[in-house]
Amino acid sequence: MIPRQRISCVLSMYLQDSEELDRGSEVDMNPPKRLRTAESQAGTELEVEKRAVDVSIVMPVYNASCWLDECLQAIIDQDFTGSMELSVFDDASTDDSRKVVESWREKLKVRGISLVVSGHNSPQPRGVGYAKNKAISQSCGQYLCFQDADDMMLPQRVRLQYDACVLHQNTLIGCRVQRVPEGSTERYTRWINTLSQDQLITQAYTSHGPTVVMPTWFCSRKWYLKVGPFDEGGKGVPEDLLFFYQSLRQGGSLSRVDRCLLVYRYHEKAATHSVTEETIWRLRVDFLQERVLSQWETFTIWNAGKQGRKLYRCLSPTNQKKVKAFCDVDENKIQKGFYTYEESKERPKPKIPILHYKVASAPFVICVKLDMTGGVLEENLNSLQLKEGIHFYHFN
């Protein structure tokens, strides 16, 4: 555990004095989640219009009491001058999370931030997707700022993401992050912060998950209502990845404010650890087939090793037949000449050639881990003058 004092020091580097505003009032809780019918959605929009604030900060909470003071102070320190509310849904916490949140009600009110709190006391939590949906349904902001209870906003977050979202209504807006403890998930953090605007779309199939990471999301309520709600399958369901994919299916865009606006905490109790790699793998393969491979007549899998062969085996029979070859840089693999799909029921069993990458044909699905070859993979791709998103997509 990183000392609390050190976290406070990290955050304090960014803090600015903000004028206290006294323009909010307590908002009553809404009834339980409504069915997504056209009639109820119209009613929701009318209700929101009557009592709308500019931004609802949406915060699901589960056993987060040890982080809440820092999280809530960071919300108060926002320099956004529009109207805000904080909507919290407690997903059956067994600690004093709800009590801690309630203890901040008066401070939030002085800052002009209304507080809506609800939850349930079932024996088991119902999951992050359920808690997010409930927090949104009881909120009234025209825009939604998603906040994890264990993270901390930097003072400019709401203002800068709001400004971006007003201009891009059908977009998931993210930001750069500072990971704590420092040095944890170093490759993942570098990937989050350095993707180009184009790569936010083209690298949506990698094992890292959403290119705009969920703890940084900001979007319009209208876009959430079009895409959502979040999947409520509970523990083990990647509700953020499913929503992310659905947003892209609906024609949504992705954007990132290129400023560090969130202190993003890594710890072993994070909900993301409940999702298995195999679950993520299956979703990624299905989305790749739907969005990319369906558009290609043939393609090459870049990596004749374990990951490339696994991808081939997981493809539909139609897409397996599109695989023209595997390619690699490893002479031992290339000298084997071909890969035999032993599990196939076809006779004769399919044999796929293994070629050197220089003689293989685009387009490629790249099954080599990003940022793990010392730049060799990138140099090889550049040598072929290939454009990401046209001639190749990264999968690993």
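Our subject is the structure listed above.
About the cut-offs
- Residues numbered from 1 in each chain as written.
- Predicted model: local features only at pLDDT ≥ 70, side-chain atom pairs only at ≥ 80, totals over all residues.
- Heavy atoms only, no water.
- Salt bridge = Lys/Arg side-chain N within 4 Å of Asp/Glu carboxyl O.
- Buried < 20%, exposed > 50% of the residue type's maximum accessible area, 1.4 Å probe, protein only.
- Helix = DSSP H or I, 4+ residues; strand = E, 2+ residues; numbered from the N terminus.
- Phe/Tyr/Trp six-rings, centres within 6.5 Å; stacked < 30°, edge-to-face > 60°.
- Lys NZ or Arg CZ within 6 Å of the ring centre and 35° of its normal.
- Core = buried A, V, L, I, M, F, W, Y, C linked by side-chain atoms within 4.5 Å.
- Contact = heavy atoms within 4.5 Å.
- Lys, Arg positive; Asp, Glu negative; His and termini not counted.
- Polar contact = N/O pair within 3.5 Å; in protein donor to acceptor, adjacent residues only side chain to side chain.
- Arc of directions from axis to C-beta.
- Axes fitted to C-alpha atoms, helices over the stretch in contact; angles between N-to-C directions.
- Parallel < 35°, antiparallel > 145°, perpendicular 65-115°, else oblique.
- Pairing = 2+ DSSP bridges.

> Explain the pattern of salt bridges to me, using residue names and the numbers behind them.
One pass over the structure, following the stated rule, counts 14 salt bridges. Taking the shortest distance from any N to any O, the salt bridge between Arg-105 and Glu-102 comes out at 2.9 Å. Judged by relative accessible area, Arg-105 falls into the buried class, the value being 18%. For Asp-371, the salt bridge is made with Arg-190, and the minimal N-O distance between the two is 2.4 Å. Residue Asp-371 is located in the loop between strand 13 (364–366) and helix 16 (376–383), and its partner Arg-190 is located in helix 8 (residues 186–194); the two are separated by 181 residues in the primary sequence.

> I'd like a description of the packing of aromatic side chains, backed by residues and values.
Scanning the model with the defined rule gives 25 aromatic pairs in all. What links up through ring pairs into an aromatic cluster is the set Tyr-205, Phe-244, Tyr-245, Phe-287, Trp-296, Phe-299 and Tyr-393. Residue placement shows Arg-179 over the ring face of Tyr-264; its charged tip is 3.9 Å from the ring centre. One Lys or Arg, Arg-284, reaches over the ring of Phe-395 and ends 4.0 Å from the middle of that ring.

> Which residues make up the nonpolar core, and what values do they have?
Residues Leu-86 and Leu-311 are the most contacted members of the largest nonpolar core, which totals 103 residues. Top contributing element to this core by residue count: helix 3 (residues 65–76), with seven residues. Beyond its immediate sequence surroundings of up to four residues, Leu-311 is in contact with Trp-281, Val-285, Leu-288, Ile-301, Val-365, Cys-367 and Phe-395. Residues Leu-377, Leu-381, Leu-386 and Phe-392 belong to the second largest nonpolar core, which totals eleven residues.

> Requested: an account of the side chain of Lys-322, with residues and values cited.
In this structure, Lys-322 sits in the loop between helix 14 (317–320) and strand 10 (323–328). Buried charge Lys-322 goes without a salt bridge, the closest partner of opposite sign being Glu-297 at 8.7 Å. Looking at Lys-322, its side chain comes within polar contact range of the main-chain oxygen of Leu-293, at 2.8 Å. Contact partners of Lys-322, with chain neighbours within four places excluded, come to Leu-293, Ser-294, Trp-296, Glu-297, Thr-298 and Phe-299.

> Before we move on, could you go through helix 13 (residues 306–314) and cite the residues and values that matter?
Among the residues of helix 13, Gly-308, Leu-311 and Tyr-312 are the ones counted as buried. Seen from one end, helix 13 has its buried residues packed into an arc of 100 degrees, which puts them on one side.

> Which residues make up the packing of helix 11 (residues 239–249) against helix 12 (residues 277–291), and what values do they have?
Contact pair helix 11 / helix 12: the axes reach a minimum separation of 11 Å and the direction vectors enclose 5 degrees. With respect to their mutual orientation, helix 11 and helix 12 come out roughly parallel. Of the residues in helix 12, those in contact with Leu-241, Leu-242, Tyr-245, Leu-248 and Arg-249 of helix 11 are Ile-280, Leu-283, Arg-284, Phe-287, Glu-290 and Arg-291.

> Break down the pairing of strand 4 (residues 141–146) for me, citing the residues and quoting the values.
The element strand 4 is extensively covered by neighbouring structure, given that five of its six residues are classed as buried. Direction of pairing for strand 1 (residues 53–61) relative to strand 4: parallel, over a ladder of five bridges. Bridging from a neighbouring strand, Val-55 pairs with Tyr-143 of strand 4.

> Give a detailed account of the sheet that holds strand 9 (residues 299–302), specifying residues and quantitative values.
Overall, mixed pairing links the six strands, which are arranged 11-12-10-9-13-14 in an open sheet. Each edge of the open sheet is held by one strand with a lone partner, namely strand 11 (338–340) and strand 14 (392–394). Across the sheet, the mean angle from the axis of one strand to that of its neighbour is 25 degrees, orientation sign disregarded. Note: strand 13 against strand 14, three bridges, orientation parallel. By the bridge assignment, Phe-364 is partnered in strand 14 with Phe-392. Running over the sheet, helix 13 touches strand 9, strand 10, strand 11, strand 12 (351–356) and strand 13 and is turned about 165 degrees from strand 10.

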